[in-house]
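Chain by chain, the residues:
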Amino acid sequence: MKCYLCPRKCGIERAGAVGFCGAKALKVGCVMKHFWEEPIISGTRGSGAIFFSHCNMKCCFCQNYQISHEGVGEEISVTRLSQIFKKLEEEGAENINLVTGTHYAEEIIAALEIYRPNIPIVWNSSGYEEPETIERLSPYIDIFIPDLKYYDSDISQKYSSAADYFEKASTIVKTMRACQPQDIIENGLMKKGVIIRHMILPTHIENSKKVLSWAAENLGTETYISLMCQYFPCYKADFPIDRPITPLEYKIVLKHAQKLGFKNGFIQEEGSASPKYVPEFKNKLDFY
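The model shown is predicted, which means the values in this text are computed figures rather than measured ones. (Residues numbered from 1 in each chain as written. Predicted model: local features only at pLDDT ≥ 70, side-chain atom pairs only at ≥ 80, totals over all residues. Heavy atoms only, no water.)

Participant: How should the overall build of the chain be read in this particular structure?
Facilitator: A count of helices and strands for the chain gives nine helices and ten strands. Seen through its principal axes, the chain has C-alpha atoms that stretch 50 × 45 × 35 Å. Classification of the 288 residues of the chain by burial places 58% in the buried group. In the chain, the share of contacts with a sequence separation of at least 24, taken over all contacts with a separation of at least 6, comes to 72%. Taken as a whole, the chain presents about 12,400 Å² of accessible surface, with 51% of it coming from carbon and sulfur. Counting 33 positive and 35 negative side-chain charges, the chain places the centres of these two groups 1 Å from one another. (Helix = DSSP H or I, 4+ residues; strand = E, 2+ residues; numbered from the N terminus. Buried < 20%, exposed > 50% of the residue type's maximum accessible area, 1.4 Å probe, protein only. Contact = heavy atoms within 4.5 Å. Areas by Shrake-Rupley, 256 points an atom, 1.4 Å probe, with all protein chains shown as cover. Lys, Arg positive; Asp, Glu negative; His and termini not counted. Charge placed at Lys NZ, Arg CZ, Asp CG, Glu CD.)

Structure, rendered in structure tokens:
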């Protein structure tokens, strides 16, 4: 099958070649109960996070570069993925959190056909996707958590080789909202809905303000926004993003969000910009 799952549209036969994302067979870099997601996702028992290896964005500053760029992880079968779903559910995870799985959308659907957990399924992605892929996933996904990384095409090209990022991601978040039009929160946990994530980059606060302004105008100020200050320079991050953001930069963007009138959202505490919050990625999945 030729791969057209994302906007790169490489059109390669993944059984014998790799496209931009670098993926062939289904590969997972980490499985864990994640306690550092938004409170309505992690809850008290942790989100059942499955971090997929490889990525169709390959941001030069990626904090998960070991899996996104270097492909660390273990190749597994669709059946084993379904067993991981079940194991996380049995361990009490609040949800199944599929992290950066765009390039494995078909395998993930197949695994959910084998075993569909009785807890919410979360699609946690870069936002750089195709509407057809999201529509195909829609019957299986309860919560969408897309990034909305960039507004300016020169920035998205410089850091992620994706000049069309905003064009694609802005369409995708609207598609996700159409798939899950209502946010449902029960006992402090999201059961269905959409959360838009945006990580502020140093020196690029105007980009962040444009992203938030677009979201307010096109998605509404009731939308859940997660405004992240966890950036620290990783992998090939170079000037001018070779430092964490400053408290002032974060304050300026946060005040802009407040001025726009966002009513639901999450902000990170200072100190979030630390490698200690990055999961440990391995070539073999322990226990799972």
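Participant: Can you walk me through the environment of G71 in this structure?
Facilitator: Relative to the helices and strands, G71 is located in the loop between α2 (65-68) and β3 (74-75). Classification of G71 by relative accessible area gives buried; the value is 5%. Distance in space between the C-alpha atoms of G71 and C55 is 8.8 Å, their sequence separation being 16 residues. Here G71 is in contact with K27, S53, H54 and Q66, once residues within four sequence places are set aside.

Participant: What's the story with the nonpolar core in this structure? I'm lost.
Facilitator: Among soluble globular proteins, nonpolar side chains are generally buried collectively. I50, F52, F61, L81, L98, W123 and Y150 are the most contacted members of the largest nonpolar core, which totals 75 residues. Element by element, the count of residues in this core is highest for helix α8 (residues 205-219), at seven residues. Not counting the four nearest positions on each side in its chain, L81 is found in contact with L26, I50, F52, I76, E107, I108 and A111. (Core = buried A, V, L, I, M, F, W, Y, C linked by side-chain atoms within 4.5 Å.)

Participant: When you look at the packing of helix α7 (residues 165-179) against α8 in this model, what are you seeing that I'm missing?
Facilitator: Two quantities define a packed helix pair, namely the angle between the helix axes and the distance between the axes. Interhelical geometry of α7 versus α8 gives an angle of 35 degrees and a closest axis separation of 11 Å. As α7 runs across α8, the sense of the crossing is right-handed. Contacts between α7 and α8 involve F166, S170, V173 and K174 from the former and W214, N218 and L219 from the latter. When grouped by side-chain class, the residues that make up the contact of α7 with α8 number four nonpolar, two polar and one charged. (Axes fitted to C-alpha atoms, helices over the stretch in contact; angles between N-to-C directions. Left-handed = near helix turned anticlockwise from the far one by under 90°. Nonpolar A, V, L, I, M, F, W, Y, C, P; charged D, E, K, R; others polar.)

Participant: What exactly am I supposed to notice about the side chain of Q180 here?
Facilitator: Turning to its location among the elements, Q180 is positioned in the loop between α7 and β7 (184-186). A polar contact is formed between the side chain of Q180 and the backbone oxygen of I141, at a distance of 3.1 Å. Q180 has contacts with I141, D142, F144, K192, G193 and V194, leaving out every residue within four places of it along the chain. (Polar contact = N/O pair within 3.5 Å; in protein donor to acceptor, adjacent residues only side chain to side chain.)

Participant: Which parts of the structure should I look at to understand α8?
Facilitator: The end-to-end C-alpha distance of α8 is 20 Å, a good match for the 21 Å that 15 residues give at a rise of 1.5 Å each. Those residues of α8 that fall on the buried side of the exposure criterion are I205, N207, S208, V211, L212, W214, A215, A216 and L219. On its buried face, α8 sits against α6 (153-160), α7, β8 (189-199), β9 (224-228) and α9 (247-260). Phi for G220, located one or two positions after α8, is positive at around 95 degrees. (Expected span 1.5 Å × (residues − 1).)

Participant: Explain the side chain of S47 here, please?
Facilitator: Relative to the helices and strands, S47 resides in strand β2 (residues 47-52). Given the relative accessible area of 0%, S47 is considered buried. At a separation of 2.5 Å, a polar atom in the side chain of S47 contacts the side chain of N95. Apart from the residues within four sequence positions on either side, S47 is in contact with M32, K33, H34, E37, I41, S42, A93, N95 and N97.

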